[in-house]
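# Architecture and fold: a report
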Amino acid sequence: MSTVVDIQNVTFAYGENVAVRDVSLTIEEGDFLGLIGPNGSGKTTLLHLMLGLHSPDSGTIELFGDPVDEFDDGERIGYVSQKATSRGGSMPVTVREAVRMGRFAHAGFGRLDDEDEAIVDDALETVGITDLADRRVNQLSGGQRQRAYIARALASEADLLALDEPTVGVDAESRDEFYQLLDSLNQEGITIVLIEHDIGVVTDRADHIACINQELYHHGDTESFVESDALSEAYGANGQVVHHHH
Ligand code: ADP
């Protein structure tokens, strides 16, 4: 078992506004980690730190055993941001073309060979969007679009999926199917980090839970989280953000 993400004593502020304070967290290969906390508690910031999209003010972050700022194997990571479900910002390419992009690095940025194309077909099939392959990504529903992003990550053979509220704007049925898909990918060994505001989804599906509100209130298996006071501590008595002064 190897460590996929290793965060040690990380603090990060936007100017004066401390978003993440002294967080230490490790994620092992094959884990399904649910990252929860109130609005504005630093979840997205922490995910961005893990992926090297922000540099910590202090502390260290390693990704697949390398310092994150030296990590250059981007195809190992599939990142689905909140914006993935929104209409804007999506390329006017077909689903197949978008998924093929996930294969380019493996093909040496040259032509995809038959084996690459077969991997693209498999990825489309795994997420259940083979019939949508020739549609434009920007014509898909939110749920279909999420699947296209996952298919692209599968084509690139990503072994870490980082998902930031991936089902915002997705209807309940598609959402359930999407989470079943995540479960099956996780069972095949893909490590998953999921930010999700629906705590029930997280406690149903995640192996481990990290509950943050600037600081880490809990990191452990889901059962110990359910039995702990971390939720009320992090969220505050009335769902208010708790401010800790040091
Ligand atoms: P969450 O994902 O839990 O909602 P975020 O990580 O988005 O929380 O935000 C944590 C804190 O950092 C909040 O106070 C938010 O206002 C602030 N923040 C987030 N992004 C930025 C940014 N780009 N510039 C300045 N402040 C930001």
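Here's a quick rundown of the structure.

Quick notes on the rules
Residues numbered from 1 in each chain as written. Predicted model: local features only at pLDDT ≥ 70, side-chain atom pairs only at ≥ 80, totals over all residues. Heavy atoms only, no water. Helix = DSSP H or I, 4+ residues; strand = E, 2+ residues; numbered from the N terminus. Rg over C-alpha atoms; globule rule 2.2 N^0.38 Å. Contact = heavy atoms within 4.5 Å. Areas by Shrake-Rupley, 256 points an atom, 1.4 Å probe, with all protein chains shown as cover. Lys, Arg positive; Asp, Glu negative; His and termini not counted. Charge placed at Lys NZ, Arg CZ, Asp CG, Glu CD. 1 Å grid on protein atoms, 1.4 Å probe; cavity = no way out; pocket = protein on both sides within 12 Å on 5 of 7 lines; lining within 4 Å. Points joined across faces, edges and corners; volume = space filled by probe spheres on them. Nonpolar A, V, L, I, M, F, W, Y, C, P; charged D, E, K, R; others polar. Phe/Tyr/Trp six-rings, centres within 6.5 Å; stacked < 30°, edge-to-face > 60°. Buried < 20%, exposed > 50% of the residue type's maximum accessible area, 1.4 Å probe, protein only. Patch = residues over 30% accessible without salt bridge, like charges linked within 9 Å, V, L, I, M, F, W, Y side chains within 5 Å. Salt bridge = Lys/Arg side-chain N within 4 Å of Asp/Glu carboxyl O. Expected span 1.5 Å × (residues − 1). Polar contact = N/O pair within 3.5 Å; in protein donor to acceptor, adjacent residues only side chain to side chain. Near = heavy atom within 4 Å. Axes fitted to C-alpha atoms, helices over the stretch in contact; angles between N-to-C directions. Parallel < 35°, antiparallel > 145°, perpendicular 65-115°, else oblique. Left-handed = near helix turned anticlockwise from the far one by under 90°.

Attention shifts here to the overall build of the protein. Helix and strand counts for the protein stand at eight helices and 10 strands. The C-alpha atoms of the protein give a radius of gyration of 18 Å, which matches the 18 Å a tight globule of 246 residues would have. For the protein, the spread of C-alpha atoms along the three principal axes comes to 60 × 40 × 35 Å. Expressed as a percentage of contacts within the protein between residues at least 6 apart in sequence, the contacts between residues at least 24 apart total 66%. Summing over all exposed atoms, the protein offers an accessible surface of approximately 12,000 Å²; the carbon and sulfur share of this is 44%. Put simply, the protein has 16 plus and 45 minus side-chain charges, and the middle of one group is 11 Å from the middle of the other.

Okay, the layout of surface pockets next. Over the atoms rolls a probe the size of a water molecule, and in doing so it shows where empty space is left. Here the second largest pocket is characterised by a volume of approximately 240 Å³. Breaking the lining of the second largest pocket down by element, the ones donating at least two residues are strand E6 (77-80) and helix H4 (142-155). The residue inventory of the lining of the second largest pocket, partitioned by class, reads nine nonpolar, four polar and two charged.

To describe a pair of aromatic rings, one takes the distance between the centres and the angle between the planes. In this structure the tally under the stated criterion is three aromatic pairs. Pairing Phe12 with Tyr14 gives two aromatic rings, centres 4.9 Å apart and planes at 90 degrees, and the pair type is edge-to-face. Take Phe12: its relative accessible area is 8%, and that puts it in the buried class. Take Tyr14: its relative accessible area is 40%, and that puts it in the partly exposed class. Between the aromatic rings of Phe64 and Phe71, the centroid separation amounts to 5.7 Å while the plane-to-plane angle is 20 degrees, which identifies the pairing as stacked. Assigned by exposure class, Phe64 and Phe71 land together as buried.

Together, Glu62, Asp66, Asp69, Glu70 and Asp72 line one region of the surface with negative charge. With respect to the helices and strands, the residue Asp72 is situated in the loop between strand E5 (66-67) and E6.

Let's shift gears to helix H5 (residues 172-187). Here H5 spans 23 Å end to end across 16 residues, near enough to the 22 Å set by a 1.5 Å rise per residue. Listed in full, the buried residues belonging to H5 are Arg175, Phe178, Tyr179, Leu181, Leu182, Asp183, Leu185 and Asn186. Against the buried residues of H5 lie strand E3 (32-36), helix H3 (114-126), H4, strand E7 (160-164), strand E8 (191-195) and helix H6 (199-205). If you check the start of H5, you find a side-chain oxygen 3.1 Å away from the backbone N of Glu173, and it comes from Asp171. Phi for Gly189, located one or two positions after H5, is positive at around 110 degrees.

Around the ligand lies a shell formed by Tyr14, Asn17, Ala19, Pro38, Asn39, Gly40, Ser41, Gly42, Lys43, Thr44 and Thr45. Lys43 has a polar side-chain atom sitting 2.8 Å from an oxygen atom of the ligand. Within the complex, 58% of the 550 Å² of free accessible area of the ligand lies under protein. Secondary structure elements with two or more residues in the shell around the ligand: strand E2 (17-28) and helix H1 (43-50).

Right, let's get into the side chain of Arg147. Structurally, the position occupied by Arg147 is in helix H4. Classification of Arg147 by relative accessible area gives buried; the value is 12%. Setting aside residues up to four positions removed in sequence, Arg147 forms contacts with Val127, Gly128, Ile129, Ser174, Glu177, Phe178 and Leu181.

When two helices pack together, their arrangement is given by the angle between the helix axes and by the axis-to-axis distance. It is the contact of H4 with H5, at a shortest axis distance of 11 Å, that shows an interaxial angle of 15 degrees. Accordingly, the angle class assigned to the pair H4 and H5 is roughly parallel. Here H4 and H5 pass one another in a crossing that is left-handed. Between H4 and H5, the contacting residues are Gln146, Arg147, Ile150 and Leu154 on the first element and Ser174, Glu177, Phe178, Leu181, Leu182 and Leu185 on the second.

Interpretation in functional terms is not warranted from these geometric data alone.
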